[in-house]
Protein chains: 2
Amino acid sequence: SEIRLSHDCVCYREIKNEDDCAELQKDINTLGNLATNWGLDCICNPGYYYTRNFGGGEVTCAKCPANQARITPVERELNGGLPDGTNQRVCRACEAYTWLNSGGTRCVRCTDYLKTTTNLTSCTCIDTQKADGLCLPSLPTLTNVITTVPLTDGFAAQFSQLLDKQLKAAYLMCQENKNETACQTLGNMCALTFFEYEDSSPKPQHVTCTRILYRRIVQDWQSFLPDLYFTRDGVVAQDGDRVLDDESITTTYTFDPPMNIKILAASYSQNGEFLGIDSVLGGKIQLCSDTTTRLNAAFVFGTYYSHSCSIQAIDLWDQTKYKPEFYDLFLDFELEAGRQIYPVPIKLNDYLYSRKEVNQETDSKDWHLVKRFFLVDNIATTGAATTAGAQPDYVRYVKSISMNLKLVGSTSTGQIFPPYISITYGTVSLVDAQQGASISTSFSVDYEYSTDKYRRDFQISVGTLSTLSIIYAGYRTWVWSKRAGKPAIDFQTIINFLFFVSGSLANVFFVITFGIAFYFLTFFKGQNTVFLFHITGLAEREWLALFGTGFALKCLQMAHMIIMQCTADVFLIDWERPKHMVATSEKKTGSNVSIWRTYFVANEWNEIQTLRKINQIFQIFAVIFFLNVVGFENVATKDPDGRIIKDSTSYRAVDSTMFRYAIGASVYILVAICQWIFFTLIYERFIEDKVRQFVDLCSMSNISVFVMAHAQFGYYIHGKSVHGKADTNMGDMFDMMRREEEDLCGKRGLLPDTEQQTFMMALPRKLRVKYETVMLPVALEGAGAVGAAGKSKDAIISAKTQAYNVVNKFLAGFVDHSLKEIDYVVKDKTLLESIMDTEFLDASEKGIFYNDDGHSFDRALFYGNESALVVFDTLLFCIIDLIFQNFVLAGVLTYLITELIAMGRDSGGRMNLAKKTLVDQRFLI
Amino acid sequence: SEIRLSHDCVCYREIKNEDDCAELQKDINTLGNLATNWGLDCICNPGYYYTRNFGGGEVTCAKCPANQARITPVERELNGGLPDGTNQRVCRACEAYTWLNSGGTRCVRCTDYLKTTTNLTSCTCIDTQKADGLCLPSLPTLTNVITTVPLTDGFAAQFSQLLDKQLKAAYLMCQENKNETACQTLGNMCALTFFEYEDSSPKPQHVTCTRILYRRIVQDWQSFLPDLYFTRDGVVAQDGDRVLDDESITTTYTFDPPMNIKILAASYSQNGEFLGIDSVLGGKIQLCSDTTTRLNAAFVFGTYYSHSCSIQAIDLWDQTKYKPEFYDLFLDFELEAGRQIYPVPIKLNDYLYSRKEVNQETDSKDWHLVKRFFLVDNIATTGAATTAGAQPDYVRYVKSISMNLKLVGSTSTGQIFPPYISITYGTVSLVDAQQGASISTSFSVDYEYSTDKYRRDFQISVGTLSTLSIIYAGYRTWVWSKRAGKPAIDFQTIINFLFFVSGSLANVFFVITFGIAFYFLTFFKGQNTVFLFHITGLAEREWLALFGTGFALKCLQMAHMIIMQCTADVFLIDWERPKHMVATSEKKTGSNVSIWRTYFVANEWNEIQTLRKINQIFQIFAVIFFLNVVGFENVATKDPDGRIIKDSTSYRAVDSTMFRYAIGASVYILVAICQWIFFTLIYERFIEDKVRQFVDLCSMSNISVFVMAHAQFGYYIHGKSVHGKADTNMGDMFDMMRREEEDLCGKRGLLPDTEQQTFMMALPRKLRVKYETVMLPVALEGAGAVGAAGKSKDAIISAKTQAYNVVNKFLAGFVDHSLKEIDYVVKDKTLLESIMDTEFLDASEKGIFYNDDGHSFDRALFYGNESALVVFDTLLFCIIDLIFQNFVLAGVLTYLITELIAMGRDSGGRMNLAKKTLVDQRFLI
């Protein structure tokens, strides 16, 4: 069932598709009196007149007398009368000096402006008087004029048939006849040559056509010409900075309500015709197509807009799709008097002034700004061929347009300097285009504001806080050296000082960078009258550097913490007294107390080493959930829109790294705080507290934990059983537990009748010396003897056992006050000591046990360093996101890395535990 | 620095902005001889002629003699001669029966078609002959004609000035003068009235204008008219199914290379003018704007396209933006003969046939299809006001267009039936629009293919596999009942059977749904010549139901597994012999063997209960990473593009739930398999194997684990120490470990000189009876006595201890072959027994210990049920994604849910362990 086609007149409805029709039409044009219009109408060919015309195929034509080609078929006179008074069409020859118009409907003068030549007597114009289709009385002599257009992208400048053809005529018509369109044409030619200009006084040597001509005209009739330049005295170009620091735009821009930057574009066709003035909304000056909403988002005040796309180069040759139009832009704003328009300065990056690309200088003082530009030039380089289908050899197009807006500094009135548009052109050749090249083009809108005040504040805060943090690090080092029993500053002290500096600087840098990011996020998104934008350039780089440095220093701090924890001295004191045995096969040296309780306690200690206060998995999942699934990350866009849920059809500005940091870190820390509160106030109280369980286990198993975090400082968990024994059978265990539940026995505390089981210890020097005397040889031997012979192994085992028994007895004696020389007292810490985390009293002779809140020994574990860990995780999360711009990936990697670190801490801690407590590593599972 | 403006002619350059200009222009028009053209040119007002015209402001005009309004200024004659032979413009009055044309440049007949009335003598036409600006000889008498247009969305049909004005003239011009545009106008009127038609034989009572008129003309001159209907005999509408099952489109559509559906649109203006035929690419028939790439994606074959947007209703009144055009669509395809076009059937959902909305029937047989439609009608309801600015009261627009393509069934030739376009119109009133209403419009492209064969295969496979799986479940139940020592089918057996059925059906359903999804994903994306599309409708719903059922059944299976594991009987046999003690303060009943080794082993067993073979966190993270970060989820789009990384600027088709399931489950299972391989082959061998470590610990601690998974079936870990004791001090422990390392002692196996420590056990009934006799009262008492008085507690403790000692002795005796009545033998399982996971030999009298691969007891833990868990996790992950369409959220929720399940299993298992091994729950930390 194809479409039915009838057979009426020659071509009429004869076609099946458009190609066929074109074929037929071509044939018929050469043969008969009828052509076809899309195969649906019949029309008379030129030189024929209708004798019958009922439309469709009902048309007959007759040929005009063949005396000459310049003949017009006349059906009615101008006054509507029938020719010769009869109902008969005639053909009429054109009079002298006239010619058929393009439609073939009437005769006209050879050109519209032939009349400018008063002495012209025929339709033939002599060559010296011809210009751009006009016959001029005399052509002007133009010196120092070039008729080439500059190309970009490495193509050499090309001679332009168009400029050559139009130049003299436009100049004469503009200057002599004050023809408006001719003057506009001249202006367009300026735009086509990028306003190129060479000003070598006293006389210009070799300059482009337009500027110098323009200047000549300006002197004659300045006020009549289109106003294309920013000039100082009407002729000399004004310095760019003078143009741009104008404060006459008095509009107050706000984010709430959101405002548009209203830009109007006056457009002209290449031959100077004014095409109207209209808003740029709807993508008028954007080559890339997109939805109207997204295109218009470029002009929503405060939206950092950036849109680029790729276009098939050959499409640019299509003059209906990409019209060769010229634009003057104006900012439309309100003054008390009413609506005002302000010309938008255009900065052509390809502009040459005395062969220098002054507009590519960084200092805006050197810039020369203009007012007219084109989007696509697909006309200038059309070659010598004058046929209608001739194609330009090159097309120039805007490779990038960026509109730049700057706040008037040090005010909060939301006022802006004149926005300027920076344009870079690209060139593509017909040869490349025909081979399928494609070009890319971009449109962007950027905002800036003076960051001088910001940078001053930034530097002051970094300087002050860094100094304070270094002083604090010095204090921490002093505390540490006292605890480590260092009498003087040695190499180890300096190293420790550096680590402390890292830690405190890292915290300060985190606070500063996060504070800045959060400030900018909230104030940028929340401002009504605009007073700040995103920081850029140097200010942004400084911020990034501080962020990176903060993370690096935090890594050092983490390494320090882990190393300290993995080298702490831990010993498990077994309080169990040997049972009275019949002396049978037991060795003399061995007590008959089972080691399994020690194994159990060591195993549990090993398990809580990397226990975190917060659930790391839940942390990561919740953060990803809020940022990615709920969509908090949508807040990080560089536009005024602070909503979480964004319409997928609207434009989405690029994300700001700073805003991402702010929102990422905020969510991370908030989730961590919520978790911390939940675990501390609810979970640990009502569900389970693994640390408390461990202390209970110590009591049940009659074993104390003696942790020396530094040489002369540590933590003690008192686990002496209230029943005096634990190494017994199930019945006794049940019995003991029941007795304790029913309060039938003593209390667990170190001092009689107290519950205080955990202490911080400042230890006397002698204890440390004694401990090291016993332990160090064993530890060294054990480390050195790996793979040694069996005999030596036996020796090691017995030395280890020996050492274990000695240390156990010694430390138990110390805690029991049964050593004569080494003793201690139990005290409360003063408030100041607690706050400053130090000890004022000297413990080098007599140790001091400070009562604590039951959690001081957490500091030897991850559990007690949660805040440092959370800050590290936050920084890690944010820095990964900074690199990959993906919160999900950042979450995944953060988890994996923290897990690796925990694994490292775990195995380091396990090895340390095996070494220090002499429990075989195989039991630490 | 505002723009400078000069003061030349009256209005010339007098303006500051466009509003001012419009004001000025209005004033001047009424006053002088000059008007301004955008404030830049001066032009003569109508009725004036130029005496000087140099463009710009250099224009002077003179008024034509004021004898009559019908006067034309003549500057040159038609043949180019000057009027009256002098260089002097004149004004010339129009002759009788002629009038000035709109441009005021010449006189024409009153209307172009006034000549159709041969007896017309003046320019004044009598009312009865007037029609649509024509003066017709006589107006035709049209019966049964209505001149209202139907509106949608609840608005009543409106009288149309336009239809009323054009109808008779168009009819007459088409019928009598065979005027092509008049016939097209008539066709457009058909489209405007939705081709409404009432066919009540023998005579139509009350019908719309167009169809009946059309029919009358058709009878006269059928071949001349635009072909708007699919008819059977040229008049009666063809059944829709007949139109749509045409197989004459012979193009083979392929995905690789990707092909376009080439649709051509012939467009007509409302008054019948043919505007050309062109591709629909570039959004020609799409009201929503977007990038060209995205708009054109609609016509890429195989892309399920759907795009909707919201438009400010008032914009629809803008006839330059939304042109009131009419379209005929054609499919452009290749036949051997060359290019062919095939008319695209249009299904207007608002079409009325004898007042029935036949096109809304589900059966395509009832449809009446046409060939012409409009996108926006903003002309038909323009009211009686005849001024130029009159606005229509209502605008009709396409609320939704969907193009439907269907594969010719049972072939793999990529051939399609004629695609049809289904259109639903919306209506918006001017009142609403002016109050800011906005309308939404959508464009979609859908594909289907015959799923008959698919559904047959689906039903067969579901039926067959379900039957097999139920048989298998029956077998499993039989095995279970043997192991549980059930002599007959009781209630518990039936319940278990149901659970087994759930499990095996769940697996079958998973395999089927996943298989189908994966098949469609790979074959849809991978096909060259197209032979299938996404399943829709009933077929898709069946698939979804199977998926959901599979998940629900899997949940039952999981619950079953967890309950079974949490109720298994576990006992730790302590092999330690009491030490010989001096009888001092020890109680008589208690042995002096320390319970701590038992605590240690129980604690470790507790910890490995929910140990998974794969790392669940890494699993989730890796899955999210691959799907979301790497972008595998991009594969799930309903288009031929199977790439992972998609250009953000190109169109993204909606995701298919089925494809998401396929890709999500594939990635989940693949990651799980990789992890399984890594953990089984590398991690467990070279790094650590927690299960193996547990067995080692048993040996070291001289404790065996006796797990009775079912009443008469279980697993045994032989942990009797090779040294005969373990309850000793550190020195001895080191010594024993060294001796074992150096192979100075026996082997760990149950049988002498073997390493076999783990067994499956088929247990004799007597053992079970004895065990229950001892244990059950204690367990029941313990459960019932919570919160009882102290005395009773004492009793419970002693009963528990008693029971522990008895069971310990009893089971140790059983394993040691020291019980007379109850004994066992050690055997290897036959291959068939292993494959069928059963035991053939009867163990009710004498137990059988089967050697295993060291991992049989895993089945009492999560560790040995990894595959079931992974399938459950996969289904859970996919079903959450099905609900939320978000893999990140699915991952997060899957983790949380599996973690909750593991916690449930953990606490259930801990309670069970405490109950069965009599170890206090406080030690299971």
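Structure report, in brief. Quick caveat: nothing in here was measured; it's all calculated off a predicted structure.

Secondary structure assignment for chain A yields 20 helices and 29 strands. Looking at chain A residue by residue over its 925 residues, the buried ones come to 54%. A total accessible area of about 39,700 Å² is found for chain A, and carbon and sulfur atoms account for 56% of it.

Residue and element names in this part refer to chain A. Throughout the structure, instances matching the rule amount to two disulfides over all chains. For Cys 288, the disulfide goes to Cys 309, at an S-S distance of 2.1 Å. Judged by the sign of its S-S torsion, about -100 degrees, the cystine formed by Cys 288 and Cys 309 is left-handed. Placement of Cys 288 in the loop between β14 (274–279) and α6 (292–296) and of Cys 309 in strand β15 (residues 305–312) is noted, with a sequence separation of 21 residues between them. Take Cys 288 and Cys 309: they sit in the same class, and that class is buried.

Glancing now at the pairing of strand β26 (residues 713–717) of chain A. Residue and element names in this part refer to chain A. Buried residues dominate β26, accounting for five of its five residues. Burial of β26 is two-sided: the residues Phe 713, Tyr 715 and Ile 717 facing one way and the residues Gly 714 and Tyr 716 facing the other way are all buried. Summarising the sheet, strand β25 (residues 703–710) and β26 pair through four bridges and their orientation is antiparallel. For Val 707, the partnering residue across the bridge sits in β26 and is Tyr 715. Here β25 folds back onto β26, and the loop between the two strands holds two residues. Taken together, the five bridges between β26 and strand β27 (residues 758–762) define a ladder with antiparallel strand orientation.

So, about helix α8 (residues 452–483) of chain A. Between its terminal C-alpha atoms α8(A) stretches 46 Å, which fits the 46 Å expected from 32 residues at 1.5 Å a residue. Phi turns positive, to about 70 degrees, at Gly485(A), one or two residues after α8(A).

With that out of the way, let us pick up the packing of helix α8 (residues 452–483) of chain B against helix α10 (residues 537–566) of chain B. Residues and elements named next belong to chain B. Remark: α8 packs on α10, axes separated minimally by 12 Å, with the N-to-C direction vectors making an angle of 10 degrees. Relative to α10, α8 is oriented roughly parallel. Of the two possible hands of crossing, α8 and α10 adopt the one that is left-handed. Every residue of α10 that contacts α8 at Tyr 454, Arg 455, Phe 458, Gln 459, Val 462 and Trp 480 is listed here: Leu 538, Ala 539, Glu 542, Trp 543, Leu 546 and Met 564.

The next thing to look at is a nonpolar patch on the surface. A cluster of nonpolar side chains, contributed by Leu670(A), Ile673(A), Trp676(A), Ile677(A), Phe678(A), Leu681(A), Ile682(A), Phe686(A) and Ile687(A), occupies part of the molecular surface with about 890 Å² of accessible area. By the secondary structure assignment, Trp676(A) is in helix α13 (residues 657–687).

All names here are of chain B. Packing of helix α2 (residues 161–175) against helix α3 (residues 180–192) brings their axes to within 8 Å, and their N-to-C directions diverge by 140 degrees. As far as their axial angle goes, α3 and α2 are oblique. In this structure, α2 meets α3 at a crossing whose hand is left-handed. Contacts between α2 and α3 involve Leu 162, Leu 163, Gln 166, Leu 167, Ala 170, Tyr 171, Met 173 and Cys 174 from the first element and Ala 182, Cys 183, Thr 185, Leu 186, Met 189 and Leu 192 from the second. Residue classes in the contact of α2 with α3 are distributed as twelve nonpolar, two polar and no charged.

Looking now at the sheet that holds strand β28 (residues 824–827) of chain B. The strands that make up a sheet pair up through hydrogen bonds in the backbone, lying either parallel or antiparallel. Residue and element names in this part refer to chain B. If you walk across this open sheet you meet the six strands as β24-β25-β26-β27-β29-β28, and the pairing is mixed. Since the sheet does not close on itself, it has two edges, and those belong to β24 (569–574) and β28, each with one partner. For this sheet, the mean angle separating the axes of adjacent strands, direction not counted, is 25 degrees. Direction of pairing for β24 relative to strand β25 (residues 703–710): antiparallel, over a ladder of six bridges. Bridge assignment links Asp 569 to a residue of β25, and that residue is Met 708. Here helix α14 (residues 690–701) sits on the sheet in contact with β25, β26 (713–717) and β27 (758–762), set at roughly 130 degrees to β25.

For the rest of this paragraph, the subject is unusual backbone geometry. All names here are of chain A. Along the chain, Asp 256 connects to Pro 257 via a cis peptide bond; the corresponding omega equals 10 degrees. You will see that Asp 753, though not glycine, has its phi angle at about 60 degrees, which is positive. Relative to the helices and strands, Asp 753 is located in the loop between α15 (730–741) and β27. Classification of Asp 753 by relative accessible area gives exposed; the value is 67%.

As a further point, take the pattern of salt bridges. Here the structure, examined in full by the defined rule, presents 78 salt bridges over all chains. The salt bridge partner of Asp639(A) is Lys646(A), with a shortest N-O separation of 3.8 Å. Taken individually, Asp639(A) and Lys646(A) each receive the classification buried, so the pair is uniform in this respect. In this structure, Asp881(B) engages Arg660(B) in a salt bridge whose closest nitrogen and oxygen atoms are separated by 2.8 Å. Residue Asp881(B) is located in helix α19 (residues 866–884), and its partner Arg660(B) is located in helix α13 (residues 657–687); the two are separated by 221 residues in the primary sequence.

Below, the discussion takes up α14(B). An ideal rise of 1.5 Å per residue puts 16 Å on twelve residues; α14(B) measures up with 16 Å between its terminal C-alpha atoms. For α14(B), the full list of buried residues reads Val691(B), Phe694(B), Val695(B), Leu697(B), Cys698(B), Ser699(B), Met700(B) and Ser701(B). Against the buried residues of α14(B) lie α11 (596–608) of chain A together with α11 (596–608), β25, β26, α15 (730–741) and β27 of chain B. Backbone nitrogen of Val691(B) and a side-chain oxygen of the N-cap are separated by 3.1 Å at the start of α14(B); the cap is Asp689(B). Asn702(B) lies just past α14(B) and shows a positive phi near 65 degrees.

Another aspect to go through is the pairing of strand β16 (residues 325–335) of chain A. Regular strands show a simple pattern: their side chains alternate between the two faces of the sheet. Residues and elements named next belong to chain A. Within β16, nine of the eleven residues are buried, leaving the element largely enclosed by the surrounding structure. When strand β13 (residues 263–269) meets β16, the two strands line up antiparallel, connected through seven bridges. In the sheet register, Leu 264 faces β16, and the bridge partner there is Phe 330. With three bridges joining them, β16 and strand β19 (residues 372–374) adopt antiparallel strand pairing. Along β19, the bridge assignment pairs Tyr 327 with Phe 373. For β16 and strand β17 (residues 338–343), the ladder comprises six bridges, and the chain directions are antiparallel.

Right, let's talk about the environment of Val511(A) for a bit. All names here are of chain A. Within the element layout of this structure, Val 511 appears in helix α9 (residues 491–526). For Val 511, a relative accessible area of 52% corresponds to the exposed category. Separated by 46 residues in the primary sequence, Val 511 and Leu 465 have C-alpha atoms spaced 9.9 Å apart.

All names here are of chain B. Secondary-structure assignment places Gln 609 in the loop between α11 and α12 (616–630). Within the structure, the side chain of Gln 609 is placed 3.0 Å from the side chain of Asn 606, a separation counted as a polar contact. Setting aside residues up to four positions removed in sequence, Gln 609 forms contacts with Leu 861, Phe 862, Arg 905, Asp 906, Gly 909 and Arg 910.

What follows covers the environment of Tyr351(B). All names here are of chain B. On the secondary structure map, Tyr 351 appears in the loop between β18 (346–348) and β19 (372–374). Judged by its relative accessible area of 1%, Tyr 351 is buried. Sequence separation of Tyr 351 and Thr 193 is 158 residues, and the distance between their C-alpha atoms is 8.6 Å. Within the structure, the side chain of Tyr 351 is placed 2.9 Å from the side chain of His 368, a separation counted as a polar contact.

Let's shift gears to the sheet that holds β25(A). Residues and elements named next belong to chain A. In spatial order, the strands read β24-β25-β26-β27-β29-β28; together these six strands make up an open sheet with mixed pairing. Where the open sheet ends on each side, the last strands, each with one partner, are β24 (569–574) and β28 (824–828). When strand polarity is set aside, the average angle formed by the axes of neighbouring strands in this sheet is 25 degrees. Here five bridges tie β28 to strand β29 (residues 847–851), and the two strands are oriented parallel to one another. From the neighbouring strand, Asp 828 faces β29, where its bridge partner is Asn 851. Running over the sheet, helix α14 (residues 690–701) touches β25, β26 and β27 and is turned about 130 degrees from β25.

Reading the values: the criteria
Counting of residues starts from 1 at the beginning of each chain's written sequence and follows it residue by residue. Think of it this way: whatever chain is written first is A, whatever ligand is written first is 1, and the rest follow in order. The predicted nature of this model means local features are confined to residues of pLDDT at least 70 and side-chain atom pairs, given and counted, to a pLDDT of 80 or more, with totals for whole chains, interfaces and linings taken over all residues. Values reported for side chains reflect all heavy atoms of the structure, with hydrogen atoms and water molecules removed beforehand. The secondary structure listing takes helices from DSSP runs of H or I that are at least 4 residues long and strands from runs of E that are at least 2 residues long, numbered from the N terminus. Buried means the residue's accessible area, taken with a 1.4 Å probe over protein chains only, is under 20% of the maximum for its type, while exposed means over 50%, and partly exposed covers the values in between. Method for areas: the Shrake-Rupley scheme with a 1.4 Å probe, in which residue coverage is limited to the protein chains shown. Cysteine sulfur atoms are paired as a disulfide whenever they come within 2.5 Å of each other. Here, any two strands with at least 2 DSSP bridges between them count as paired. Expected helix span is taken as 1.5 Å per residue step, with the number of steps being one fewer than the number of residues. Under this scheme, a helix contributes an axis fitted over its contacting stretch, all axes are lines through C-alpha atoms, and angles between N-to-C directions fall in the 0 to 180 degree range. If an angle is under 35 degrees, it is roughly parallel; if it is over 145, roughly antiparallel; if it lies from 65 to 115, roughly perpendicular; otherwise it is oblique. By the definition used in this description, the sense in which the near helix is turned from the far one sets the handedness, with an anticlockwise turn below a right angle giving left-handed and a clockwise turn giving right-handed. Between two residues, a contact is recorded if the distance between any of their heavy atoms is within 4.5 Å. Within the patch definition used here, like charges are joined within 9 Å and nonpolar side chains (Val, Leu, Ile, Met, Phe, Trp, Tyr) within 5 Å, considering only residues with over 30% relative accessible area and no salt bridge. Just to be clear on terms, a salt bridge is a Lys or Arg side-chain nitrogen sitting within 4 Å of an Asp or Glu carboxyl oxygen. Classification convention: Asp, Glu, Lys, Arg as charged; Ala, Val, Leu, Ile, Met, Phe, Trp, Tyr, Cys, Pro as nonpolar; all other residues, Gly among them, as polar. Throughout this description, a polar contact denotes any pair of N or O atoms lying within 3.5 Å of each other; where both atoms belong to protein, one of them has to be capable of donating a hydrogen while the other can accept it, and for residues adjacent in sequence the pair is counted only when both atoms sit in side chains.

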